[in-house]
Amino acid sequence: MARRAPKAPPPPAVPLVEEGYLAGQLLVAMPAMEDPRFARSVICLCAHSAEGAMGIVLNKPLEGLSFDELLGQLGLDSVPPQRRIRLVSGGPVEGGRGFVLHSADWETEGSLRVSEDVALTASVDILKAIAGGGGPKEGFLALGYAGWGPGQLEAEIQQNAWLNVPADQALLFRQNAGDLWRQALGKLHVDPAALSGFAGRA
């Protein structure tokens, strides 16, 4: 099935960072996470308010589609591109929708500022810029996203499904995302084995 061209994400319902919310931080799945879609996942929380939350999974590589193939499907002319970015499966919601999570040194109309240093853009303009050798210094393309309804994420955190850790670009844009889960836990000085024991699971 052909993938649809990226669309702009809905604007946040509240200011970028609201007291008591976690926009701009990383969610790190606890070892006991029962949902296989999020097992050992690290998620950049792009928006979080009383209306719910939206985030991008960082460490689930996208299988079966290359950046060049995506450009071709979108009808963009820069093939082969002068520059490529990696592709990830950003979450189980709207898997045909594309988002570029990137450093905030490049923005366009409709870009969502996630934090002082990070932005989210769903315009085809950013793909054209990257394929042409420009665009943001750091970034990757995610198809799909993770979403929570009002109060749902807060309830999951209270149930010890997630830890949160401040994001930094070394974690967000790590090229080898295979060990990102352990790296994120390491930033909290947490041993996954100790967490497993605490959760009562191997």
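Quick caveat, the model's predicted, so the values are computed rather than measured.

**Some remarks on the overall build of the protein chain**
On a plain count of helices and strands, the protein chain comes out with six helices and nine strands. Residues counted as buried form 46% of the 202 residues belonging to the protein chain. Considering only residue pairs separated by 6 or more positions, the protein chain has 67% of its internal contacts joining residues 24 or more positions apart. Working note: accessible area of the protein chain is about 9,900 Å², and carbon and sulfur atoms make up 50% of it.

**Some thoughts on the packing of aromatic side chains**
Under the defined criterion, the tally for this structure stands at four aromatic pairs. Between Phe38 and Trp162, the ring centres sit 5.9 Å apart and the planes meet at 70°, which makes this aromatic pair edge-to-face. Of this pair, Phe38 sits in the loop between strand 1 (25-29) and strand 2 (42-49) while Trp162 sits in strand 9 (residues 162-166), and the two are 124 residues apart along the sequence. By the burial criterion, Phe38 is buried, and Trp162 matches it. The positively charged end of Arg86 is found above the aromatic ring belonging to Phe140, 4.6 Å away from the centroid.

**Regarding the pairing of strand 7 (residues 118-121)**
Moving residue by residue along a regular strand, the side chains alternate between the two faces of the sheet. Residues Val118 and Leu120 point to one face of strand 7 and Ala119 and Thr121 to the other, with burial holding for every one of them. Summarising the sheet, strand 6 (residues 112-113) and strand 7 pair through two bridges and their orientation is antiparallel. Counted as the bridge partner of Leu112 is Leu120 from strand 7.

**Remarks on helix 5 (residues 180-187)**
Among all positions of helix 5, only Leu180, Trp181, Ala184 and Leu185 are buried. Down the axis of helix 5, the buried side of the element spans an arc of 135°, and every buried residue falls inside it. Directly after helix 5, the chain includes His189, whose backbone phi takes a positive value near 60°.

**What to know about the pattern of salt bridges**
Scanning the entire structure with this criterion turns up six salt bridges. We note a salt bridge from Asp35 to Arg37, for which the minimum N-O separation is 2.7 Å. One salt bridge connects Asp179 with Arg174, and the closest N-O pair in it is separated by 2.9 Å. For Asp179, a relative accessible area of 25% gives the class partly exposed.

**Some details on the state of the cysteines**
The full count for this structure, using the stated rule, is zero disulfides. Sulfur of Cys44: no disulfide; nearest cysteine sulfur belongs to Cys46 and is 4.3 Å away.

**Describing the nonpolar core**
Among the nonpolar cores identified, the biggest contains 41 residues, and Ile56, Leu58, Leu101, Leu120, Trp148 and Trp162 are the most heavily contacted of them. With residues near it in sequence (within four places) discarded, Trp148 still touches Leu27, Ile43, Leu45, Gly52, Ala53, Met54, Gly55, Leu153, Glu156 and Trp162. Counting residues in hydrophobic clusters, the runner-up holds 17 residues, among them Leu65, Leu71, Leu76 and Val124.

**Things to note about unusual backbone geometry**
It is generally the case that most residues other than glycine have a negative phi and that most peptide bonds are trans. You will see that Glu94, though not glycine, has its phi angle at about 50°, which is positive. If you trace the backbone, Glu94 turns up in strand 5 (residues 93-103). Positive phi outside glycine occurs at His189, with the angle close to 60°. Among the structural elements, His189 can be located in the loop between helix 5 and helix 6 (192-199).

**Regarding the environment of Asp125**
Mapping Asp125 onto the fold places it in helix 2 (residues 124-131). For the pair Asp125 and Glu107, spaced 18 residues apart in the sequence, the C-alpha separation amounts to 9.8 Å. Aside from chain neighbours lying at most four places away, what touches Asp125 is Trp106 and Thr108.

The rules we used
- Residues numbered from 1 in each chain as written.
- Predicted model: local features only at pLDDT ≥ 70, side-chain atom pairs only at ≥ 80, totals over all residues.
- Heavy atoms only, no water.
- Helix = DSSP H or I, 4+ residues; strand = E, 2+ residues; numbered from the N terminus.
- Buried < 20%, exposed > 50% of the residue type's maximum accessible area, 1.4 Å probe, protein only.
- Contact = heavy atoms within 4.5 Å.
- Areas by Shrake-Rupley, 256 points an atom, 1.4 Å probe, with all protein chains shown as cover.
- Phe/Tyr/Trp six-rings, centres within 6.5 Å; stacked < 30°, edge-to-face > 60°.
- Lys NZ or Arg CZ within 6 Å of the ring centre and 35° of its normal.
- Pairing = 2+ DSSP bridges.
- Arc of directions from axis to C-beta.
- Salt bridge = Lys/Arg side-chain N within 4 Å of Asp/Glu carboxyl O.
- Disulfide = S-S within 2.5 Å.
- Core = buried A, V, L, I, M, F, W, Y, C linked by side-chain atoms within 4.5 Å.

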